[in-house]
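# What the coordinates show
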Amino acid sequence: MDQRKFVTFLILSVLVLMLFSIMFPPPRPAKPPAQAAGEQADGKPAEDADAARDAKSEEQAVDEEQPAPDAAPPGKLPEVADAKVDDQYVTLGSLDLTSGYRMLVTLTNTGAAVRRAEMSSSRYTDQHDWSGYLGELELKDIDGGVQVQVVGPGTPAAQATPVAIEPGDVIVGIDVPKPPKTLTVDTFKAALKETDPGDSITLRVRRGNQNAPEPRTVRLVRRPLAVLRPEIENYRMRKADPPPDFVDRPSLLLSLAMLDLSADAFPGEETVGAVQFSRRLSDVLENGNWEVAERGATSVTFRRPMPEIGLEIIKRYSLAVVPPDKRKDVNYPGYHLQVDIEFRNTGTAAQQLVYRLDGPTGMPLEGWWWAHKISRQRWFGAAGLRDVVVRFDGNPVYQIDCPEIAEGDAQPMGQGQALTYAGVDGQYFAAVMIPQRQSLNEVWFDSVEAIIVGPKPEPRTPHNFTNVTCRMTRKPIEVAAGGMHRDSFQVFIGPKRPDLLAQYQAAGDPNHTLADIVYYGLALFAAVARAMLAVLHFFFGIIGNYGIAIIMLTVLVRGAMFPVSYKQTQNMARMQALKPEMDRINEKYKTDMQKRSQAMQELYRKHKINPLGGCLPLFLQLPVFIGLYRALMVDIELRQSPLFGQAIRWCSNLAAPDMLLDWSPIMPDFIDNGIGLFGLGPYLNILPIVAVVLMLLTQKMTMPPPTNEQAAMQQKMMKYMMIFIGLLFYKVASGLCLYFIASSLWGIAERKLLPKTQTAAAAADGTTGPPPGTTGRRPRDGGPNTDPNGRPSRTRRSRKAKRKK
């Protein structure tokens, strides 16, 4: 057997297995039977995380089924009245980047929470929805049309002519090629889906008591990326139905985990069980409407008075503003909300309370059918598209992968440790909360958990789609009568730019920054990825196009490897020249593999051929390939970087597949859904096909003709393996395909331009073989009187000459 071909086949097999493990990590092992299907080890049904924690608190405070002797009967528990406040939305910031805001944040008074956070820069637009964007108006169906509940500054709706659209306006008509017969929220959104950015449309709007609607002309734009959004939009993006018990929870919800109240807080009432009552309060705080107490240019204050228990809770949101002289600085720290939580004791006695604060939710499932995020826990495994990241003082970043959370394997963390930050980490964006403490060793929280938001995912839904967040449980707070306690948090919501993240520090310590959440993988691949990025950014600074920068990187890498590839080509030429000798050895030792191998090795030594020389370029390029793959998966600069421009959809994002044609209308669901090896996704991608074709052509040019049936079978297997590699490559980033295409073209050019020189060099080294341009056919069986090329030997020619004389 030809050892060179065997080793090449072995290396390709290992490479394919590594790629498969990177792109399609194996499923996690199933739980033991005793703990499966929601059972504990003793076979009893397991309680959910909330119930388990509450049960622990109940052991300390009150038994739920047998109230403590001092507890009042359930009918005497003080009722917290529902606030008679209507649903209301308010905004902070603007989509106009010149305004000094880096985002537009929509807040809801239901739970005093964050509903949406949209990026202002056109550099961060939605990569799935390419329809025209009017603005998120939080529309509501009413008789005759849809009512606008909020209008964000800087949106097209706020810039409508002749008069801007305002909250309370009723849209009764939309001028599009196919206007809906009946205008509802669903039909209005469907009509907008048929528009394109740059289109001008006319809306018929009725305001107040006007009888006749008035026209409003709006110029649509590209949809900005919403780093935080309602989770239902992620379901719609994947064309999936939410589960029946689906509840769309906004971000930064507050609840009470425990509340100890003295009898003085309730004249005429007895002491109340903390666990029982805190549950009622939590429901009111999370699902009830808060008052909008104050609303300024950069801040909004929500208030929830609870006179029944002598408590008032304040949540204040303040959005960062970028000063005019820093607005061109993309790394200026302007991507954060300041969240202040105040507890005011309006009673006559001290109170002790424990609150829970949930983190950001609804991170986008950007690239749901192609994206892969690196896991910190598994060497070549993929994490979820949104994972929980936590760091404690003196410890490295800990990433809890989304599949681990979905399977219920995540455990509470940080008991007794000082929390540095916690939040949700996406592929290119993150939403992380930094407690504003005076010192790093100040302990605020009893525990931090990674939790599922809403219902658990359906069994057939990939776990990396799960909506997750962090939950922080505060240490007990003592609030004196008439006193107040305040906790503040800095909530980063934005792109994962290392220089930007480095400026978000915990307690002002430069060693505890958000830059640690940027992860390129293992040390070797991380070093190569950073080197690749440094070179790409350098070339981009010269050219201004990352596609051309990737081609220049390919030329640099292949140029540096030219001595090695030159030696490989020389080896191939010598081996082709030696083909007749190799055929003779194969024929002579047809039945003795050991002697055949020894003869081949002797032939290689005699003519200075390294049979493994062709594998060296593969080994050298493997770290480059993985490093570039990791760079494309992590670097925010490569996201949304086009090959030709943003005017066309094709290859408009080098960090994603090229998406030449939407074939979802004609393809079955198992292909469109992007799940598994044969889930190719909803688009026809042309660049991976070109890359595989070029790799097959290169393989055909570099592989010598088979010398026996075994070698022929081996080469067939390698061709089939290339098809398998093509399936793996189908959903990789177009920038990586561009690298492979350029590298393959370089190799083909080397092979076409250098063979005559190499064969001549081989002949100069004493190698016998066919001259350049010959077909390398097997020699004729002329017996001992023929040379290796099938021509009469010198002895035979001299005998013929003597006979003629």
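In case you missed it, the structure is sitting above this.
Residues numbered from 1 in each chain as written. Predicted model: local features only at pLDDT ≥ 70, side-chain atom pairs only at ≥ 80, totals over all residues. Heavy atoms only, no water.

## Regarding the pairing of strand β2 (residues 103-108)
In terms of burial, β2 is largely enclosed, as six of its six residues are buried. Judged by which residues are buried, β2 turns out to be covered on both faces: M103, V105 and L107 on one side and L104, T106 and T108 on the other are all buried. For strand β1 (residues 89-93) and β2, the ladder comprises five bridges, and the chain directions are antiparallel. Within the sheet, the bridge partner assigned to T91 lies in β2 and is T106. Of the pairings in the sheet, the one linking β2 to strand β3 (residues 113-119) comprises six bridges and is antiparallel in character. Bridged to V105 within β3 is A117. Connecting the antiparallel pair β2 and β3 is a turn made up of four residues, with G111 showing a positive phi of about 80°. (Buried < 20%, exposed > 50% of the residue type's maximum accessible area, 1.4 Å probe, protein only. Helix = DSSP H or I, 4+ residues; strand = E, 2+ residues; numbered from the N terminus. Pairing = 2+ DSSP bridges.)

## A closer look at the pattern of salt bridges
For the coordinates displayed, the defined rule picks out 31 salt bridges. Between R303 and E291 there is a salt bridge, and its shortest N-O distance comes to 2.7 Å. Residue R303 is located in strand β12 (residues 299-306), and its partner E291 is located in strand β11 (residues 291-295); the two are separated by 12 residues in the primary sequence. In this structure, D446 engages K475 in a salt bridge whose closest nitrogen and oxygen atoms are separated by 3.8 Å. (Salt bridge = Lys/Arg side-chain N within 4 Å of Asp/Glu carboxyl O.)

## Section: the packing of aromatic side chains
Counted according to the given criterion, the structure contains 19 aromatic pairs. Between Y235 and F246, the ring centres sit 5.3 Å apart and the planes meet at 75°, which makes this aromatic pair edge-to-face. Of this pair, Y235 sits in helix α4 (residues 231-237) while F246 sits in the loop between α4 and β10 (254-260); the two residues are 11 residues apart in sequence, bridging distant segments of the chain. For the ring pair F644 and W650, a centre distance of 5.8 Å and an interplane angle of 20° mean the geometry is stacked. Residue F644 is classed as exposed on the basis of its relative accessible area of 60%. By the ring-pair criterion, three or more aromatic residues cluster together here, those being F625, Y629, F729, Y739 and F740. The ring of W130 has R222 sitting right over it, with the charged end atom 3.9 Å from the ring centre. (Phe/Tyr/Trp six-rings, centres within 6.5 Å; stacked < 30°, edge-to-face > 60°. Lys NZ or Arg CZ within 6 Å of the ring centre and 35° of its normal.)

## A word on the sheet that holds β12
Overall, antiparallel pairing links the nine strands, which are arranged β11-β12-β13-β14-β23-β19-β18-β16-β17 in an open sheet. This sheet does not close on itself; its edge strands, each paired only once, are β11 and β17 (398-400). With direction set aside, neighbouring strand axes in the sheet form an average angle of 20°. The pairing of strand β16 (residues 386-392) with strand β18 (residues 419-426) spans seven bridges and is classified as antiparallel. (Axes fitted to C-alpha atoms, helices over the stretch in contact; angles between N-to-C directions.)

## A few points about the side chain of S743
Of note, S743 is situated in helix α17 (residues 734-753). Reaching out from S743, the side chain makes a polar contact with the side chain of R558 at a distance of 2.8 Å. Those residues in contact with S743 that lie beyond four places of it in its chain are T554, R558 and Q621. (Polar contact = N/O pair within 3.5 Å; in protein donor to acceptor, adjacent residues only side chain to side chain. Contact = heavy atoms within 4.5 Å.)

## Re the sheet that holds strand β7 (residues 200-206)
Strand order across the open sheet formed by five strands is β4-β5-β6-β7-β8, with antiparallel pairing between neighbours. Sheet topology places β4 (140-142) and β8 (214-219) at the edges, where each strand pairs with a single neighbour. When strand polarity is set aside, the average angle formed by the axes of neighbouring strands in this sheet is 40°. As defined by bridge partners, β7 adjoins β8 across six bridges and the pair is classed as antiparallel. Paired with V205 across the strands is E214, a residue of β8.

## Digging into the nonpolar core
The biggest cluster of nonpolar side chains holds 132 residues, and the ones touching the most others in it are L337, Y355 and I493. With near-sequence residues (within four places) excluded, I493 lies in contact with M103, A117, M119, V227, L228, Y335, L337, A430 and A431. By size, the runner-up hydrophobic cluster in this structure holds 22 residues, among which are I165, V185, V218 and L220. (Core = buried A, V, L, I, M, F, W, Y, C linked by side-chain atoms within 4.5 Å.)

## What about a nonpolar patch on the surface?
Together, F538, I542, I543 and I548 line one region of the surface with nonpolar side chains, adding up to about 380 Å² of accessible area. Considering every element that reaches the nonpolar patch, the biggest residue donor is helix α8 (residues 523-543), with three residues. Within the secondary structure, I542 sits in helix α8. You can call I542 exposed: its relative accessible area is 54%. (Patch = residues over 30% accessible without salt bridge, like charges linked within 9 Å, V, L, I, M, F, W, Y side chains within 5 Å. Areas by Shrake-Rupley, 256 points an atom, 1.4 Å probe, with all protein chains shown as cover.)

## Notes on the pairing of strand β15 (residues 351-358)
Here β15 lies mainly inside the structure; seven of its eight residues are buried. As paired strands, β10 and β15 are joined by six bridges and run antiparallel to one another. Note that in β15 the partner of S255 across the bridge is R356. Relative to strand β22 (residues 477-479), β15 runs antiparallel, the two sharing three bridges. Paired with Q351 across the strands is V479, a residue of β22. Pairing of β15 with strand β21 (residues 468-474) involves three bridges; the strand directions are antiparallel. When the bridges of β21 are listed, D358 appears paired with R471.

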